[in-house]
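This is what each chain is made of:
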2 protein chains.
Amino acid sequence: MRKRILELLRENGQKLVSGEDISRKLNITRTAVWKHVQALKNEGYEIESLQKRGYILRRIPDRLFPQEIASCLKTKWLGRDICYKEKVDSTNNFAKKLANEGCRDGLLVVAEEQEAGKGRLSRGWISPYAKGIWFSVVLKPPFLPQEASKCTLLAAVAVAKAVNDIKGVKAAIKWPNDIILNGRKLVGILTEMNAEFGHINYVVIGIGINTCASRDDYPPEVRDLAVSVADAAKESFLRVELLAAVLKNMEELYELSVAHGFSAVFDEWRKYSCILGQKVKVIAPDRTYLGTAVDIDSDGLLLVKTNNGHLEKVVAGDVSIRPATASKGMYQ
Amino acid sequence: MRKRILELLRENGQKLVSGEDISRKLNITRTAVWKHVQALKNEGYEIESLQKRGYILRRIPDRLFPQEIASCLKTKWLGRDICYKEKVDSTNNFAKKLANEGCRDGLLVVAEEQEAGKGRLSRGWISPYAKGIWFSVVLKPPFLPQEASKCTLLAAVAVAKAVNDIKGVKAAIKWPNDIILNGRKLVGILTEMNAEFGHINYVVIGIGINTCASRDDYPPEVRDLAVSVADAAKESFLRVELLAAVLKNMEELYELSVAHGFSAVFDEWRKYSCILGQKVKVIAPDRTYLGTAVDIDSDGLLLVKTNNGHLEKVVAGDVSIRPATASKGMYQ
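None of these values were measured; they are calculated from a predicted model.

About the cut-offs
- Residues numbered from 1 in each chain as written.
- Chains lettered and ligands numbered in written order.
- Predicted model: local features only at pLDDT ≥ 70, side-chain atom pairs only at ≥ 80, totals over all residues.
- Heavy atoms only, no water.
- Contact = heavy atoms within 4.5 Å.
- Buried area = accessible area lost by both parts, 1.4 Å probe.
- Salt bridge = Lys/Arg side-chain N within 4 Å of Asp/Glu carboxyl O.
- Polar contact = N/O pair within 3.5 Å; in protein donor to acceptor, adjacent residues only side chain to side chain.
- Helix = DSSP H or I, 4+ residues; strand = E, 2+ residues; numbered from the N terminus.
- Buried < 20%, exposed > 50% of the residue type's maximum accessible area, 1.4 Å probe, protein only.
- Arc of directions from axis to C-beta.
- Least-squares fit on C-alpha atoms with pLDDT ≥ 70 in both.
- Disulfide = S-S within 2.5 Å.
- Pairing = 2+ DSSP bridges.
- Axes fitted to C-alpha atoms, helices over the stretch in contact; angles between N-to-C directions.

### Regarding the interface of chain A and chain B
And then number 1: Counting residues at the interface gives 23 residues for chain A, matched by 23 residues for chain B.
And then number 2: When chain A packs against chain B, close to 2000 Å² is buried across both sides, 58% of that on carbon and sulfur atoms.
And then number 3: Of all residues in chain A, Met193, Glu196 and Phe197 of chain A bury the most surface against chain B, accounting for 36% of the area lost on that side.
And then number 4: Where chain A meets chain B, there are zero salt bridges.
And then number 5: For the interface between chain A and chain B, the tally reads two residue pairs in polar contact (both at pLDDT 80 or more).
And then number 6: Elements with a minimum of two residues in the side of chain A that touches chain B: helix 6 (148–164), strand 9 (184–196) and strand 10 (199–210) of chain A.

If you want it as structure tokens, here you go:
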């Protein structure tokens, strides 16, 4: 009911909506209308009540409430089921739990704060309250398990496109999926897969976008490595709108990939990449070497021409751009 | 304490062990000894008590108790942590839960009965009480995610070797990992993986060996497809001993593969295979075709020469041997 009242207020923009109108349209008493409006105010909605004339929605709170996400979402199925958490250990962990219980394809888990956000290779991810978009989606793709890593590149492209649509933001993708702005880490992505022989049960893609966390939100050792969208943006933006844009891009790229393969994703990835053509240091599980990143192959793996002329395929581990100042991963 | 009393009795074979001896060696009262012996009897141990002379362990119960598994286990680390369940929904599900909570590499989950045993591709697996060995192991391999499917072949070889060591049993592996005896399904294996980009978090290998379930233990529609070890065995065997043999084989093959790659596993797999050289029907996710199974490739994928001369790689789906009587999968 609260959601429907909000919709009515939203539809009417800065026009007054009378309590009587709401009560008639939703078939509830005027006292009920009043109670719901109070509850919305408690959630942070600024709703002006003009005695005997009605209500105006002045401002929505900067929260990732499902009704707010839904109100700007333009996808068909991705993010249509939303699980909102004020606080969670990790949205990926929660999403995996729901996936194990059989949630629908495209479920979105979003939190204002993660108490134990996760990065790749058991690293942590700092996720302060309402200072970023910390979310995970559950996908049940028809791809083979060996193709799951391509979903990681797809997610990176979806996010890069969305943040670069904000005026002033020029972010780029490091391989495989960190997103870098002014040499610092803006976005982290952690893709986890649950699969059996020849079949993916589900993929959980966790994305953390730092929208407005500042230096003080980070411990001293990573302060200089972090950057937020707000640091570069030359226009204001709402977190829910940015989230909706990411999901829209992701759904489009995903449907394209299911129908025609990943080549379009790879082309976009190349466009947003900040690593191709750069000198890199590769820390593979078994050894470390230097070279130049030349391309990604048809599996989405990075190809590095080593300093002694070999072409190496990076299938695991970490890649950093040399000199280090060109790109600093947040936890490297 | 109960475990230590059992050890003492076991060490002494058919020799009497006096209550006084036990009480002195374990530093407990004779009443405590008596109470523990009663508890063991309640668990199904046949322990003869001879007035004033002592105890003899006459027979151990046909249960997969951790102490019984441990007493015949010859592995270094695999199966050294044991989680025993009288009844569980699925040992794979339980093992995944423990893996998510950070269990050690090599954990064994074993159950007398599974109420919702799982097979590949969301099929069920019937697991009646004490009529089979229903178990899962958690591995944390250093392999890449794309190599996880090879663990499935490894498990199939480990089981095939162990059951074929029982006199009278001539079982063979169908691709990828069903084990067939007299054209019927003896063993099912379900490998599940949890991975992120370039890194396996864990693999759970679930194995169901039908040791003595009979036709009546299965619903009518699958009765003719099932077979038990006891159906073919020309000698008696204990479930714990067969389980210990599987784990020993698995640990050896695993260590070999970590050190030198999977080629030895593939060679053994070829030796036990009943599919190579056979006419097969391949039900791939996108189409169905006929051909002859010719080999497995270096990724462990089945190579099938189709009837019109193409060489196809089977990366997912199902393969059945034609004519159907040559090999029937339990749920095909």
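### Things to note about helix 2 (residues 19–26) of chain B
Count 3.6 residues to each turn of an α-helix, and residues three or four apart come out pointing the same way.
Residue and element names in this part refer to chain B.
And then number 1: Within the span of helix 2, buried status applies to Gly19, Ile22, Ser23 and Leu26. Looking down the long axis of helix 2, one finds its buried residues gathered within 95° of arc, a one-sided arrangement. Pointing more than 90 degrees away from the buried face of helix 2 are the exposed residues Arg24 and Lys25.
And then number 2: Residues of helix 2 that are buried in the fold lie against helix 1 (2–11), helix 3 (30–42) and strand 2 (54–59).
And then number 3: Taken from the residues just after helix 2, Asn27 is the one with a positive phi, measuring 60°.

### Describing the relation of the copies chain A and chain B
And then number 1: The transform that puts chain A on chain B rotates by 180° and translates by 0.0 Å along the axis, for an RMSD of 0.1 Å. Given the turn and translation reported, the copies of this chain are related as if by a two-fold rotation axis.
And then number 2: Both copies share a contact surface, since 100% of the interface residues of chain A are interface residues in chain B too.

### Observations regarding the state of the cysteines
Every disulfide links exactly two cysteines, by a covalent bond between their sulfur atoms.
And then number 1: Evaluation of the coordinates by the stated rule reveals zero disulfides over all chains.
And then number 2: As a non-bridged cysteine, Cys212 of chain B has Cys72 of chain B as the owner of its nearest cysteine sulfur, 16 Å distant.

### Some points on the sheet that holds strand 11 (residues 279–283) of chain A
Residue and element names in this part refer to chain A.
And then number 1: Pairing within the open sheet is antiparallel, and its five strands lie in the order 14-13-12-11-15. In this open sheet, the two edge strands, each paired with only one partner strand, are strand 14 (311–314) and strand 15 (318–321). The sheet shows a mean angle of 45° between the axes of neighbouring strands, direction not considered.
And then number 2: Pairing between strand 11 and strand 12 (residues 288–296): five bridges, direction antiparallel. Looking at strand 12, one finds that Val280 is bridged to Gly291.

### Quick look at the side chain of Glu68 of chain B
All names here are of chain B.
And then number 1: Examined against the element boundaries, Glu68 turns out to sit in helix 4 (residues 66–72).
And then number 2: A relative accessible area of 1% places Glu68 in the buried class.
And then number 3: In this structure the side chain of Glu68 is engaged in a polar contact, spanning 2.5 Å, whose partner is the side chain of Tyr45.

### Some details on the sheet that holds strand 15 (residues 318–321) of chain B
Residues and elements named next belong to chain B.
And then number 1: One open sheet holds the five strands; their spatial order is 14-13-12-11-15, and the pairing between them is antiparallel. At either margin of the open sheet sits one strand with a lone partner, and together these are strand 14 (311–314) and strand 15. The average undirected angle you get between the axes of adjacent strands in this sheet is 45°.
And then number 2: Relative to strand 14, strand 13 (residues 302–306) runs antiparallel, the two sharing four bridges. By the bridge assignment for strand 14, Lys305 is matched with Leu311.

### Focus on the pairing of strand 2 of chain B
On a regular strand, each side chain points to the face opposite its neighbour's, so the side chains alternate between the two faces of the sheet.
And then number 1: Of the pairings in the sheet, the one linking strand 1 (residues 46–50) of chain B to strand 2 of chain B comprises five bridges and is antiparallel in character. Paired with Ile47 of chain B across the strands is Leu57 of chain B, a residue of strand 2 of chain B.

### Considering the side chain of Glu192 of chain B
Residue and element names in this part refer to chain B.
And then number 1: Topologically, Glu192 is positioned in strand 9 (residues 184–196).
And then number 2: Here Glu192 falls in the buried class, since its relative accessible area comes to 3%.
And then number 3: Of the polar contacts made by the side chain of Glu192, one reaches the side chain of Asn92; its length is 2.9 Å.
And then number 4: At 2.9 Å, the side chain of Glu192 forms a polar contact with the side chain of Lys96.

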